[in-house]
Amino acid sequence: MAAALSRALKLPGKKGSELGEYDPLTQADSEDESEEDDLVLNYPRNGLGRGSCLGPGATEPRSSRTGKLVEEEELEEEEEEEGWRAGRKERGVGLGGEGAGLGDEGVGAGQVGELEGKKARVRGAMRTAAFLVPLACATLIVLLCAFLVPCQQGQVQQQWETQLGDVNGVTSPPLALWDVDGDDVEDLVIAVTKISNSSLQTSSLGNSKEYSVVTLRGGTGELLWRRHLNEPVSSVQCGLRVTAPGISRAERRAVAQREVLQTGHTGPDPSPVCLLISPTHMAVINGSTGKKMWEVPAGEVESQAVTVPDLQGDGVPELLVATLPADQESDLSLVLHSGKTGSLIGQSVNFNLTAQGKLIGPLLHETAAGAFYILFGLGTVEAVSLRDIYKKATGRTAMPPSLSVTDPIWEKQRKTNLSTLIHIYSGPEQAEYLLPLVAGLCNNHNNLDVASKENSSHSDWVLVCGNSRVSILRQRDIHTAWTLNSSAIHSRPVAGHFNDDGVPDLLIQQSANGVRKVQIIDGASGRCLWEVEFVCPRLVLEGSSIMTTSGQSVFLFWAGDPLLPLRNITKVNTPEPVFRKLFLLHPDYPRILQQLISTTDTALTATVSYQELQKDASYLVVLSRPVSGLGPGAQVVKSLSVRASLAGAFTLHLEGDNRASTFQINKFFRGLSFRQQ
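Participant: Break down the overall build of the protein for me, with residues and values.
Facilitator: Regarding its fold elements, the protein presents ten helices and 33 strands. The buried share of the protein, reckoned over its 677 residues, is 47%. Long-range pairs, those at least 24 residues apart, make up 56% of the contacts in the protein with a sequence separation of at least 6. Carbon together with sulfur atoms contributes 53% to the accessible area of the protein, which is approximately 34,700 Å² in total.

What follows is the structure, given as structure tokens:
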């Protein structure tokens, strides 16, 4: 340690004995110091070790070791400076020329190491640039798409309201839902009647009403187009496709995109067609523009149109309607029209029915064997094979491919071989409603698309007779599955999933003596699953069902305040309640109702539209709003998001609900999401 300290201070250290002499203490101390010095001060530099040509190694005399170590350090510092200068001059020769010997070799090794370090740094910089440049480009592209490219998805407002026309009485205007502008949000096509200003002053004018069909954008309520008509519209149906068969939606979208590139303007899904039926005419219009495509006289049409399989081989489904016979001798006629041109297919087929009453159908049914039948009637339910209708209308015996199948089970139901009709129902009470047992179908029953018709034509049926009896008819053998006796059913039942047995259940509304009873009936057995009585709002409007992502349905219906169990019913016979309320019921919380709307307006008709991307549904209702003065009421269309309405809904607790806290209830209902059936 003393020797190391003396060298650090540049003082002479302890001198040892002469060569050959042996001093144990000095020798031990010197050896320890030599090893320490070797580790600290004399480590190899530039690949050179001790005992090289630069100086003596470990075998040299210990008496001159300290001075030689200092000389080695000085030589090494000079060599480093020479290597640096040589690198600056970019030459491989050292300052010492050929005499440098191994020193030049060390300088060259230093240059190589420095060059390799530079190359490593360059490679690292290149790798970093190769990673950062594509990342920056991708970020820039995303920002451009987000801020510069307009979003093609339709915007959906949580609530909007539009006043369209005037309302006389409580007649429900015909309407239909269909995406006519290609933004993946269903739009509303609705018939509008407006009282002209001159009619308010005098009633001597021949035509005091103005008729039109308008289309409102489903997301915002914006008016897309209006088409004026000469007579009122009794039915609006959308979804008929006039494109060639086998073309997918993606292919139609590709056609629309090509049109945008060619014409410079955006367009909807090609050929969204809407069918308008008036008392004497049928017309098909382009749903995106309102332009008329064809119009034909149709006699006195009494029903909506039913799409039947292609009978002419043009790739477009045909249309079937029920009309009053022109000969005044028959009771009802079924008429086939071309879906592509509207022209008659043969002639009308007349039927004489044994009963008279409300028109049932026509409905299309496809049996398990693939045969097609039409269900219809006047207070009764009859079935006739589509093969027989086509044969009588055209007089042809050769059937098109779509009518090549017959069903022996259904054919056995004929009373005689000469009978055309297959009897389904007749009884002491007239049939009031016949509808498919399909959840959510009633909300969009005006569509003519193939998917909706396939769902309805393969299902069982709900039959309501005389407003007091409900039955389920099995489609496989036309037998009654169950019957429920009720009273004063004032609107068409609504199908939805209340329990988890996979069979749609029924929402039934009954009104009598100022009380409205709302029931959920099990679709499989006919037993009552849920029942509550309300103050009757004197409102005739069917309910709605909306499918949730969990597979259950929520049910919406209009009513007044719920009745308490001990409340005297006679006290209910008071003037009509001022407020009409829209309630939502979920099967998981049967003793809790969510009040979405409270209004003094009269609801005329309602429907439900889905937004798949938002997992939401919109409830669209047409209201009759009183106005000041003697004029007619205003027709108002109101749309509200169900999820947004649930966030601000009033929670109504029924008797017997003590299961969940307010926090749990709010969290559950605000977390609901919906999907298309």
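What follows continues from the structure just given.
Participant: How would you explain the pattern of salt bridges if you had to name every residue and give the values?
Facilitator: Across all of its chains, the model carries twelve salt bridges by this definition. Close ionic contact of Arg217 with Glu222 constitutes a salt bridge, the shortest N to O distance being 3.2 Å. When its relative accessible area of 42% is taken as the criterion, Glu222 is described as partly exposed. When the shortest N-O distance is used, the salt bridge between Arg414 and Glu411 registers 2.5 Å. Judged by its relative accessible area of 16%, Arg414 falls in the buried class. Taken together, the shared-partner salt bridges in this structure form one network comprising Glu161, Asp601 and Arg625.

Participant: Please give an account of the sheet that holds strand 12 (residues 332-337) that cites residues and values.
Facilitator: The strands making up a sheet are joined through hydrogen bonds of the backbone, oriented either antiparallel or parallel. Within the open sheet, the four strands sit side by side as 10-11-12-13. Their pairing is antiparallel. Each edge of the open sheet is held by one strand with a lone partner, namely strand 10 (306-308) and strand 13 (349-351). Pairs of neighbouring strands in the sheet enclose a mean axial angle of 30 degrees, with direction left out of account. As paired elements, strand 12 and strand 13 share three bridges and run antiparallel to each other. Looking across to strand 13, one finds that Leu332 is bridged to Phe351.

Participant: Requested: an account of the side chain of Thr548, with residues and values cited.
Facilitator: One can find Thr548 in the loop between strand 26 (544-547) and strand 27 (553-559). Within polar-contact distance, the side chain of Thr548 engages the side chain of Ser550 at 2.9 Å. For Thr548, the residues in contact, after removing those within four places along its chain, are Val554, His586, Ser673, Phe674 and Arg675.

Participant: So what's going on with the state of the cysteines? Which residues, and what values?
Facilitator: Tallying each qualifying case throughout the model produces one disulfide. A disulfide bridge connects Cys238 with Cys274, and the sulfur atoms are separated by 2.2 Å. The sign of the 100 degrees torsion about the S-S bond sets the Cys238-Cys274 disulfide as right-handed. Of this pair, Cys238 sits in strand 6 (residues 235-240) while Cys274 sits in strand 7 (residues 273-277), and the two are 36 residues apart along the sequence.

Participant: Let's hear about unusual backbone geometry: which residues, and what values?
Facilitator: That bond from Gly361 to Pro362 is cis: its omega, 0 degrees, falls within 30 degrees of zero. Relative to the helices and strands, Pro362 resides in strand 14 (residues 359-366). For Asn467, which is not glycine, the phi dihedral falls at a positive 60 degrees. Looking at where Asn467 falls in the secondary structure, it is placed in the loop between strand 19 (461-465) and strand 20 (469-473). Given a relative accessible area of 29%, Asn467 falls into the partly exposed group.

Participant: Help me get a handle on the sheet that holds strand 30 (residues 602-611), residues and values and all.
Facilitator: Spatial strand order, 1-32-31-30: four strands in an open sheet with antiparallel pairing. In the strand order of this sheet, the two ends are held by strand 1 (159-167) and strand 30, each with one partner. Between one strand axis and the next, the sheet turns by 20 degrees as a mean value, whatever way the strands run.

Participant: Residues and numbers for a nonpolar patch on the surface, please.
Facilitator: Where nonpolar side chains cluster on the molecular surface, the patch consists of Phe131, Leu132 and Leu135 and spans about 320 Å² of accessible area. In this structure, Leu135 sits in helix 4 (residues 102-147).

Participant: Give me the environment of Ser172: which residues, what numbers.
Facilitator: Along the chain, Ser172 falls in the loop between strand 1 and strand 2 (175-178). Its relative accessible area of 38% is what places Ser172 among the partly exposed residues. Here the alpha-carbon distance between Ser172 and Leu541, two residues 369 residues apart in the chain, equals 9.5 Å. Aside from chain neighbours lying at most four places away, what touches Ser172 is Leu604 and Thr605. Only 2.9 Å separates the side chain of Ser172 from the backbone oxygen of Leu604, close enough to count as a polar contact.

Participant: Outline the packing of aromatic side chains, listing residues and values.
Facilitator: The geometry of an aromatic ring pair is captured by two quantities: the separation of the ring centres and the angle between the planes. This model, assessed by the stated rule, comprises eleven aromatic pairs. Seen in terms of ring centroids, Tyr589 and Phe668 are 4.8 Å apart; in terms of plane orientation they differ by 55 degrees. Their pairing is tilted. Placement of Tyr589 in strand 29 (residues 589-599) and of Phe668 in helix 10 (residues 662-670) is noted, with a sequence separation of 79 residues between them. Assessed through its relative accessible area of 14%, Tyr589 is described here as buried. One aromatic cluster is present, formed by Trp530, Phe534, Phe557 and Phe583 through successive ring pairs.

Participant: Break down the environment of Phe674 for me, with residues and values.
Facilitator: Inspection of the secondary structure assignment puts Phe674 in the segment after helix 10. Exposure remark for Phe674: the relative accessible area of 0% places this residue in the buried category. Sequence separation between Phe674 and Val554 is 120 residues, and the spatial gap between their C-alpha atoms is 9.4 Å. Aside from chain neighbours lying at most four places away, what touches Phe674 is Ile546, Met547, Thr548, Thr549, Val554, Tyr610, Lys615, Asp616, Ala617, Val642, Arg643 and Leu646.

Participant: An account of the pairing of strand 32 (residues 633-641) is needed here, citing residue identities and associated values.
Facilitator: Successive side chains on a regular strand alternate, one facing one side of the sheet and the next facing the other. Most of strand 32 is tucked away, with nine of its nine residues classed as buried. Relative to strand 32, strand 1 runs antiparallel, the two sharing eight bridges. Opposite Gly165, over in strand 32, you have Gln635 as the bridge partner. Of the pairings in the sheet, the one linking strand 31 (residues 616-625) to strand 32 comprises eight bridges and is antiparallel in character. Bridge assignment links Val621 to a residue of strand 32, and that residue is Lys638.

Each value, and the rule that gives it
- Residues numbered from 1 in each chain as written.
- Predicted model: local features only at pLDDT ≥ 70, side-chain atom pairs only at ≥ 80, totals over all residues.
- Heavy atoms only, no water.
- Helix = DSSP H or I, 4+ residues; strand = E, 2+ residues; numbered from the N terminus.
- Buried < 20%, exposed > 50% of the residue type's maximum accessible area, 1.4 Å probe, protein only.
- Contact = heavy atoms within 4.5 Å.
- Areas by Shrake-Rupley, 256 points an atom, 1.4 Å probe, with all protein chains shown as cover.
- Salt bridge = Lys/Arg side-chain N within 4 Å of Asp/Glu carboxyl O.
- Pairing = 2+ DSSP bridges.
- Axes fitted to C-alpha atoms, helices over the stretch in contact; angles between N-to-C directions.
- Polar contact = N/O pair within 3.5 Å; in protein donor to acceptor, adjacent residues only side chain to side chain.
- Disulfide = S-S within 2.5 Å.
- Patch = residues over 30% accessible without salt bridge, like charges linked within 9 Å, V, L, I, M, F, W, Y side chains within 5 Å.
- Phe/Tyr/Trp six-rings, centres within 6.5 Å; stacked < 30°, edge-to-face > 60°.

Keep in mind that these numbers describe shape and distance, not what the molecule does.
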